[in-house]
Amino acid sequence: MKIAILPGDGIGVEIVAQAERVLQCLDLCFETEIALVGGAAYAAHGHPLPEATLQLARAADAVLFGAVGDPRYDAIERALRPEQAILGLRKHLQLFANLRPALCHAPLTHASSLRPELVSGLDLLIIRELTGDVYFGQPRGRRTAPDGAFPGAEEGFDTMRYARPEIERIAHVAFQAARQRSRRVTSVDKANVLETFQFWRDVVTEVHAQYPDVELNHMYVDNAAMQLVKAPKQFDVIVTGNLFGDILSDEAAMLTGSIGMLPSASLDAAGKGLYEPSHGSAPDIAGRSIANPLATILSLAMMLRFSLHQEEAADRVEAAVQQALAAGLRTPDIWSEGTRRVGTVEMGDAVVAALTTSASFNG
Ligand code: IPM
Ligand code: MG
């Protein structure tokens, strides 16, 4: 088994290094290979997703990804910007199913900006379609408006579209995931305004006929955004399109205390996956060793579970994270009065130490 490691930019390098340490102390036999991606790859090779990096990701059984994005490259042409690397990987590897669990860890109940009683015990799963929608729809670009309110004016445009098989397969992922949980799916759309999402609603409803044991309800995205902060515990599985899922998953992340806690898995039809924290490269805090490595370490646990079939190792990693939190260690993003403020490496140390002790306990 081979794991491709793509740290990327900004804090990506710092947090992935901690996840690698965790992987190493698990004593499993995996080969790992590291490659440049994002702004770092652009700086070295003139492209955010060099062919060699893409080939490595294709050949590997799983990909551990940090983050991409670097303000130094915000002004270059879009095709060469760091973000194109992750979009390209998702598209080329057909990673259409993005799983973003939002779990409020008990010791962090007070780190949320919402009242503790609203978030304590929160456990929801956002399933975001990841290779379609307005993110990838063609045509797109800039042109002279051929019609509309200002014909002849310069305009920017994108295309929102979803094909039936794209909606069907993500709906199946959602209903099947719900069967492992509380058997409730909320499909989020904008069927009241958009043709694409009326179609989405119709197809999800059709697929639901195959899952009579799962409850389905539909919600408009604006209402869903409101409900997430009003009563987030009403949700079990949320399934939605690429754009709405991008927005709602950041919102859901904050309910758990910090976006620095949220892992994610992006899977293809065969279960091969790319695993990355839900947050970005955070250039404002990069290089200071204060970023929270737990989202990446928890992403590693998802990799062990979903792509490498190492359920027990996944449980151990998650338990070690719990232990570090229970011991009161906090990176600045989750710090609160009465807890101990630590940096990226110290948090990694704590997880590694918890794993090593649990290993010796198990003999
Ligand atoms: C995410 C990010 C990406 C996205 C960016 C970096 C392209 O925000 O994974 O949520 O919009 O999908
Ligand atoms: Mg996002």
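About the thresholds
- Residues numbered from 1 in each chain as written.
- Chains lettered and ligands numbered in written order.
- Predicted model: local features only at pLDDT ≥ 70, side-chain atom pairs only at ≥ 80, totals over all residues.
- Heavy atoms only, no water.
- Domains from an automatic or database assignment.
- Polar contact = N/O pair within 3.5 Å; in protein donor to acceptor, adjacent residues only side chain to side chain.
- Helix = DSSP H or I, 4+ residues; strand = E, 2+ residues; numbered from the N terminus.
- Nonpolar A, V, L, I, M, F, W, Y, C, P; charged D, E, K, R; others polar.
- Buried < 20%, exposed > 50% of the residue type's maximum accessible area, 1.4 Å probe, protein only.
- Contact = heavy atoms within 4.5 Å.
- Pairing = 2+ DSSP bridges.
- Core = buried A, V, L, I, M, F, W, Y, C linked by side-chain atoms within 4.5 Å.

(A) Spotlight on the domain arrangement of the protein. What the domain assignment lists for the protein is domain 1 (1–96 + 268–363) and domain 2 (104–258). Computed from C-alpha atoms alone, the centre-to-centre distance between domain 1 and domain 2 is 24 Å. Between domain 1 and domain 2 we count five residue pairs in polar contact (both at pLDDT 80 or more) in total. Elements with a minimum of two residues in the side of domain 1 that touches domain 2: α4 (83–92) and α11 (311–326). Within the side of domain 1 that touches domain 2, the residues separate by chemical class into seven nonpolar, three polar and five charged.

(B) Local environment of α4. Every buried residue of α4 is accounted for by A85, I86, L87, G88, L89 and R90. For α4, the secondary structure elements touched by its buried residues are β1 (2–8), α3 (51–59), β3 (62–67), β4 (97–103), β5 (123–129) and β12 (273–277). One or two steps after α4, the chain reaches Q94, where phi turns positive at roughly 55°.

(C) How the structure looks around the pairing of strand β11 (residues 263–267). Burial of β11 is extensive: five of the five residues sit out of reach of the surface. Side chains P263, A265 and L267 project from β11 onto one buried face, and the interleaved S264 and S266 project onto a second face that is buried too. As defined by bridge partners, β4 adjoins β11 across three bridges and the pair is classed as antiparallel. Looking at β11, one finds that N98 is bridged to S266. Two strands pair when backbone bridges link them, and β11 and β12 are joined in this way by five bridges, in the antiparallel orientation. Paired with P263 across the two strands is P277, which belongs to β12. In this structure, the hairpin formed by β11 and β12 is closed by a connection of five residues, where G271 is found at a positive phi of approximately 90°.

(D) A look at the nonpolar core. Counting 84 residues, the largest nonpolar core has L124, I127, F175, V185 and L304 as its most contacted members. The dominant element in this core, judged by the number of residues it contributes, is helix α10 (residues 294–306), at eight residues. Look past the residues within four positions of V185 in its chain and what remains in contact with it is A174, F175, A178, V214, E215, L216, N217, V237 and V239. Listed in part, the 18 residues of the second largest apolar core include A4, V37, V68 and A85.

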